[in-house]
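Each chain, letter by letter, is given below.
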Amino acid sequence: MSTYSFDTQSELNENVLSRFYVNGRWVLPGTSETVTLIAPSTGQPFVRVPLADAGDVDRAVDAARKAFDTGPWPRMSGGERAAYLRRMSVALASRMTILSRIWTAQVGAPIGFADMFVPTATAMFDYYAELASTFAFEETRPTRAGEARIIRQPVGVTALIAPWNAQLPILGYKLGAALAAGCTVVIKAPPETPFDALVVAECAHEAGLPPGVLNVITADAERGAHLVAKREVDKVSFTGSTSTGKAIAKACADRMARVTLELGGKSAAIVLDDAELSPTLAALAPVTMPFSGQICFAQTRILVPRIREREFVDAYSAVIGSLKVGDPWDVTTQVGPLASRRQLDRVLGYIESGRNEGARMTTGGGRHPHFDAGFYVEPTVFACVTPDMTIAREEIFGPVVSILAYDDIDHAVALANNTDFGLSGTVFSGDVERGYATARRIRTGNVSVNGLEMSPNVPFGGFKQSGIGREGGPEGLNAFLEDQAVYLPVSSPRPAQE
Ligand code: NAD
């Protein structure tokens, strides 16, 4: 079985392998500090990449500050910026294959999964290009003495920080909106997935983005904290764990820097008593543990009516038990390895806790017996889970799903809402309006009926400890804007809208 088929030297160019992108140029890092990437399917090292020191962070921020304060980017019209975004989208579209391959190589996402989700990034750039060219960046309202012009100013220098699990799609949301708004950007790529953001920098360079508008470095948590604390950074847009999100919010609060936080989830799928079993399973099972459950919107708690519990548990466990676990480079693989040893240990710990706290394991339950190398865990289902159990409360971020039984709809809604998180959710019903009525009662940022959908023009984000603010849609653009009101004493001709 081939478990390694990514040749970094021939597939990636020297810039992406060994440099950062700062002020429109590929620059050598300031230190010789490196991190070694481990292939999740073998557990073997496959490449060393540079890590930024504080000086690299400072240079990237200085470039973004200068580009914002004196460069053309924030002063262009939305339509002018849209042209750059469209060119970036074209450049990204021409690199879809390598971007998928990078995803699989770095964190073991099954190649079929990566192929499906990589185009999200171009979709976001296309959406924000369209929005930038039509958005009212300036508007006039009458006042008692004359008029006020409301100007949606770019918020300034922004730091974009995203986790290892889905670098590229998440950057698509953040960067598309930040650039459309007229902000300048420093992306801090995580040490586990350095390549995606650097390939995006190649696209920006190809699109002719002015120097300093986009800067990309790879850095660890300590240098990430240094970036977030810098007074030249006006806004931080962060996706990652709730604990890191809280630390970042505190650092930003010190100087009132703007912050958007997309954090963890423990999303519930409510199966109503009228839901037909087979279409429900077909739509639900794939979103309960996509990319081995390492996706924030995974539907990890399934709530089923007690009278149908046995039927559902047996059928769902059979589906999960039959998923094809295998080499992430094989297009037929449905479940690949976890991304890292840290992830492996974390997930095995949660499986152990489910067992110890009295849940009934119906399939899976440990390291996968067919693989003696790599970070493979069996897709695992627990039934008879109660809301107080650790596996029902904490985000596992692995292929582990809990099934809880409910007595009536009020009980189902109470169970769904009995969590510190509020990111995603689903409701399955034979009656879409009944599904909608239930969905509205769930305290969560996104809910889908009879499936799970996300769309570039629709806001995504969390209630409660799943975050603050939204990405996607006009809401995602607003997150990178500040409203400025200028009062004028007399009415004057309305300015042409940008
Ligand atoms: P993490 O919080 O450990 O790290 C995320 C990023 O933050 C990394 O780039 C890391 O280097 C950086 N970082 C860590 N500490 C920092 C600090 N003090 N200051 C600045 N940067 C810092 O998260 P993770 O474990 O890599 O990712 C998994 C988490 O991400 C899960 O909780 C998952 O739910 C969440 N996530 C959320 C969404 C969403 O849209 N809500 C999407 C994907 C993942």
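Residues numbered from 1 in each chain as written. Predicted model: local features only at pLDDT ≥ 70, side-chain atom pairs only at ≥ 80, totals over all residues. Heavy atoms only, no water.

Caption draft 1: Spatial organisation of the overall build of the protein. The secondary structure content of the protein amounts to 18 helices and 20 strands. Relative to the compact-globule value of 23 Å for 498 residues, the protein shows a C-alpha radius of gyration of 23 Å, a close match. If one aligns the C-alpha atoms of the protein with their principal axes, the spans along those axes are about 70 × 60 × 40 Å. Looking at the protein residue by residue over its 498 residues, the buried ones come to 58%. Intrachain contacts of the protein at a sequence separation of at least 6 include 72% that bridge at least 24 residues. Total accessible area on the protein stands at roughly 19400 Å², and carbon and sulfur atoms take up 53% of it. The positive charge centre, built from 46 side chains, and the negative charge centre, built from 54, are 5 Å apart in the protein. (Helix = DSSP H or I, 4+ residues; strand = E, 2+ residues; numbered from the N terminus. Rg over C-alpha atoms; globule rule 2.2 N^0.38 Å. Buried < 20%, exposed > 50% of the residue type's maximum accessible area, 1.4 Å probe, protein only. Contact = heavy atoms within 4.5 Å. Areas by Shrake-Rupley, 256 points an atom, 1.4 Å probe, with all protein chains shown as cover. Lys, Arg positive; Asp, Glu negative; His and termini not counted. Charge placed at Lys NZ, Arg CZ, Asp CG, Glu CD.)

Caption draft 2: Up close: the site of the ligand. Around the ligand sit 26 residues in total, of which K188, S241, T244, L263 and E395 are the nearest. A distance of 3.4 Å separates an oxygen atom of the ligand from a polar atom in the backbone of G240. One of the side-chain N or O atoms of T244 is found 2.8 Å from an oxygen atom in the ligand. At the level of elements, α10 (221–229), β10 (235–239) and α11 (242–253) are the ones that each hand at least two residues to the shell around the ligand. Of the residues forming the shell around the ligand, the biggest block, 4 residues, is contributed by α10. (Near = heavy atom within 4 Å. Polar contact = N/O pair within 3.5 Å; in protein donor to acceptor, adjacent residues only side chain to side chain.)

Caption draft 3: Region of interest: the pairing of strand β15 (residues 380–383). Going residue by residue along β15, you find T380 and F382 tucked away on one face and V381 and A383 tucked away on the opposite face as well. Summarising the sheet, β15 and strand β16 (residues 400–406) pair through 3 bridges and their orientation is parallel. Looking at the pairing, F382 lines up with S402 of β16. (Pairing = 2+ DSSP bridges.)

Caption draft 4: Layout of the packing of helix α5 (residues 96–107) against helix α9 (residues 195–206). Where α5 meets α9, the axes come as close as 10 Å, and the angle between the chain directions of the two elements is 160°. With respect to their mutual orientation, α5 and α9 come out roughly antiparallel. α5 and α9 meet at a crossing whose hand is right-handed. Note on element contacts: α9 touches α5 through F195, D196 and V199, opposite L99, I102 and Q106. Partitioning the contact of α5 with α9 into residue classes produces 4 nonpolar, 1 polar and 1 charged. (Axes fitted to C-alpha atoms, helices over the stretch in contact; angles between N-to-C directions. Parallel < 35°, antiparallel > 145°, perpendicular 65-115°, else oblique. Left-handed = near helix turned anticlockwise from the far one by under 90°. Nonpolar A, V, L, I, M, F, W, Y, C, P; charged D, E, K, R; others polar.)

Caption draft 5: Inspection of the pattern of salt bridges at higher detail. As enumerated under the stated definition, the model contains 25 salt bridges in all. Among the salt bridges present, the one from D69 reaches R65, with a minimum N-O distance of 2.9 Å. Taken together, the positions of D69 and R65, both in helix α3 (residues 54–70) and 4 residues apart, correspond to about one turn of that helix. Accessibility expressed as a relative area gives 41% for D69, which makes it partly exposed. Between R306 and D407 there is a salt bridge, with its nearest N and O atoms 2.8 Å apart. Of this pair, R306 sits in the loop between β13 (301–305) and α13 (309–321) while D407 sits in the loop between β16 and α16 (409–417), and the two are 101 residues apart along the sequence. Exposure remark for R306: the relative accessible area of 44% places this residue in the partly exposed category. We classify D407 as exposed; its relative accessible area is 56%. Overlapping salt bridges, with partners in common, bring together E139, R141, R152 and D483 in one network. (Salt bridge = Lys/Arg side-chain N within 4 Å of Asp/Glu carboxyl O.)

Caption draft 6: Representation of the sheet that holds strand β20 (residues 481–488) within the structure. Taken in spatial order, the 3 strands line up as β5-β6-β20 in an open sheet, and their pairing is antiparallel. Looking at the sheet topology across the chains shown, the edges are occupied by β5 (138–142) and β20. Between one strand and the next, the sheet's axes are offset by a mean angle of 25°, whatever the strand orientation. Inspection of the sheet shows strand β6 (residues 147–154) paired to β20 by 8 bridges, in the antiparallel sense. Within β20, the residue paired with R149 across the bridge is V486.

Caption draft 7: Just the UniProt feature "domain: Aldehyde dehydrogenase" (unreviewed entry) in the protein, in detail. Per the UniProt record, "domain: Aldehyde dehydrogenase" (unreviewed entry) is found at residues 30–486. Regarding residues 30–486, the helix share stands at 40% and the strand share at 20%, and the terminal C-alpha atoms are separated by 44 Å. (UniProt positions renumbered as here; feature names shortened; annotations may be inferred.)

Caption draft 8: Spotlight on the packing of aromatic side chains. Taken as a whole and assessed by the stated rule, the structure comprises 11 aromatic pairs. For the pair Y127 and Y128, a centre-to-centre distance of 5.0 Å together with 70° between the ring planes defines the contact as edge-to-face. Accessibility classification places Y127 together with Y128 in one group, the buried group. Ring geometry for F371 against Y376: centres 3.8 Å apart, planes inclined by 10°, an arrangement best described as stacked. Judged by relative accessible area, which is 2%, Y376 ranks as buried. Each residue in the set W103, F113, F117 and F291 is aromatic and connected to the rest through ring pairs, giving one cluster. (Phe/Tyr/Trp six-rings, centres within 6.5 Å; stacked < 30°, edge-to-face > 60°.)

Caption draft 9: Main features of the side chain of S466. Within the fold, S466 resides in the loop between β18 (448–449) and β19 (467–468). Using a relative accessible area of 0% as the deciding quantity, one classes S466 as buried. Only 2.8 Å separates the side chain of S466 from the backbone nitrogen of G422, close enough to count as a polar contact. S466 has contacts with L261, E262, L263, G264, G265, D420, F421, G422 and L423, leaving out every residue within four places of it along the chain.

Caption draft 10: Up close: the UniProt feature "active site" (unreviewed entry) in the protein. UniProt annotation of "active site" (unreviewed entry) refers to E262 when read in the numbering used here. Along the polypeptide, E262 turns up in strand β11 (residues 258–262). Other than its neighbours up to four places away in sequence, E262 contacts F238, T239, G240, L423, F460, G461, G462, S466, G469, R470 and E471.

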